[in-house]
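# What the coordinates show
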Amino acid sequence: MYPSLKGKVVAVTGASSGLGKAIAQRFAEEGAKVVVNYLTEDDKPELVIDEIKTKGGEASKIQGDVSQEDDVKRIVQFAVETYGTLDVMVNNAGIQAEIPTEELSLDNWNKVIQTNLTGAFLGSREAIKHMLDHNIKGCVINMSSVHQQIPWPHFAHYAASKGGIKLLTETLALEYASSGIRVNNIAPGAIDTPINAEKFADPEAKKDVIDLIPMGYVGKPEEIAACVAWLASSEASYVTGITLYADGGMTKYPSFQAGKG
Ligand code: NAI
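Description of the structure in this document.

Cut-offs applied
- Residues numbered from 1 in each chain as written.
- Predicted model: local features only at pLDDT ≥ 70, side-chain atom pairs only at ≥ 80, totals over all residues.
- Heavy atoms only, no water.
- 1 Å grid on protein atoms, 1.4 Å probe; cavity = no way out; pocket = protein on both sides within 12 Å on 5 of 7 lines; lining within 4 Å.
- Points joined across faces, edges and corners; volume = space filled by probe spheres on them.
- Helix = DSSP H or I, 4+ residues; strand = E, 2+ residues; numbered from the N terminus.
- Nonpolar A, V, L, I, M, F, W, Y, C, P; charged D, E, K, R; others polar.
- Near = heavy atom within 4 Å.
- Polar contact = N/O pair within 3.5 Å; in protein donor to acceptor, adjacent residues only side chain to side chain.
- Areas by Shrake-Rupley, 256 points an atom, 1.4 Å probe, with all protein chains shown as cover.
- Axes fitted to C-alpha atoms, helices over the stretch in contact; angles between N-to-C directions.
- Parallel < 35°, antiparallel > 145°, perpendicular 65-115°, else oblique.
- Left-handed = near helix turned anticlockwise from the far one by under 90°.
- Contact = heavy atoms within 4.5 Å.
- Pairing = 2+ DSSP bridges.

For the rest of this paragraph, the subject is empty space enclosed by the protein. Scanning all chains against the criterion turns up one cavity of 30 Å³ or more. By volume, the largest cavity amounts to about 40 Å³. Among the elements that make up the lining of the largest cavity, the one with the highest residue count is helix α4 (residues 106–133) (four residues). Its residues assigned to classes, the lining of the largest cavity shows three nonpolar, five polar and no charged.

It is worth spelling out the site of the ligand at this point. Taken together, 29 residues lie near the ligand, and Ser 17, Leu 19, Asp 65, Tyr 158 and Thr 193 sit nearest. One nitrogen or oxygen atom from the side chain of Ser 16 is found 3.4 Å from an oxygen atom belonging to the ligand. Protein chains bury 92% of the 820 Å² of accessible surface belonging to the ligand in isolation. The set of elements that each furnish at least two residues to the shell around the ligand consists of α1 (18–29) and α5 (156–176). Along the lines of polarity and charge, the residues of the shell around the ligand split into 12 nonpolar, 14 polar and three charged.

A word on the layout of surface pockets. Of the pockets and cavities examined, the second largest pocket occupies roughly 320 Å³. Lining the second largest pocket are 18 residues; nearest its centre among them are Lys 137, Gly 138, Gly 180, Arg 182 and Ser 237. Across the lining of the second largest pocket, the residue classes break down as seven nonpolar, seven polar and four charged.

The next point concerns the packing of helix α3 (residues 69–83) against α4. Between α3 and α4, the shortest axis-to-axis distance is 9 Å and the interhelical angle comes to 40°. With respect to α4, the axis of α3 lies oblique. In this structure, α3 meets α4 at a crossing whose hand is right-handed. Residues Glu 69, Val 72, Lys 73, Val 76 and Val 80 of α3 pack against Leu 122, Gly 123, Arg 125, Glu 126, Ala 127 and His 130 of α4. The residue makeup of the contact of α3 with α4, split by class, is five nonpolar, two polar and four charged.

Spatial ordering of the open sheet is given by β3-β2-β1-β4-β5-β6-β7, a layout of seven strands whose pairing is parallel. If you trace the sheet from one side to the other, it starts and ends with β3 (58–63) and β7 (243–246), each paired once. Direction aside, neighbouring strands of the sheet carry axes that sit 20° apart on average. Across four bridges, the pairing between strand β1 (residues 9–12) and strand β2 (residues 33–38) is parallel.

Everything listed is a geometric property; what it means functionally is a separate question.
Below is the structure:
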């Protein structure tokens, strides 16, 4: 637990499921006031809010599409109007779709880039603007992926969006370091969330993924939430511009395991 997170105002995008939900829950357990962003009512965001409130935490929900500038402004305004400020912005919302590149339409390309990369840009910009205006030494955390580093055939748009997030994070870290605003990146490997549900429903496909993970198991959303909490806490006060890989070793050339090569 990180006492420095108590009372902080944290906004998490795409927080009705998967990693975003676990991150929202972790911040609530830390005593933060959490803004749960969701895309549509079908996402049932009230379930996350109810779970948080049942455990004595504080959270509110706000609909918004992170690829839309006005929506992202609304999300940040909502945090400020509801809880008085914004200390931590977690740009987590993201989508992926398997499409061979020769069949990838411009619409599909744009949808992934606008959600994953433009969404992180808009969320970062709006949060940083608020932090600068109010002299808040806050923090932005972007959700990247091991595919900011590992090329991924059939997912060119996704890999490009995550590669973009890496340099967006590093650039913003440098740009706002002197204002005391930290900007960091998390790169999860394969984590058990709805984004992978279809693939992991097939035991062979799941085994293929596990074979790529030196630690030998698919990560849990709570293991990513723990990284986010640490990065947002004062324990990470001197950390900015990094990518924290939480991938069970996936980026460490698993084919070289057991002395091969
Ligand atoms: P998920 O599908 O459970 O969560 C994604 C959330 O984003 C959903 O709640 C969805 O409604 C929301 N969302 C999608 N488009 C949105 C939009 N335009 N505006 C607002 N919200 C929107 O999947 P997961 O795994 O929790 O993904 C979260 C993030 O983690 C994504 O950025 C993903 O790329 C990243 N990630 C996930 C990994 C995994 O293995 N689960 C691995 C590496 C990265």
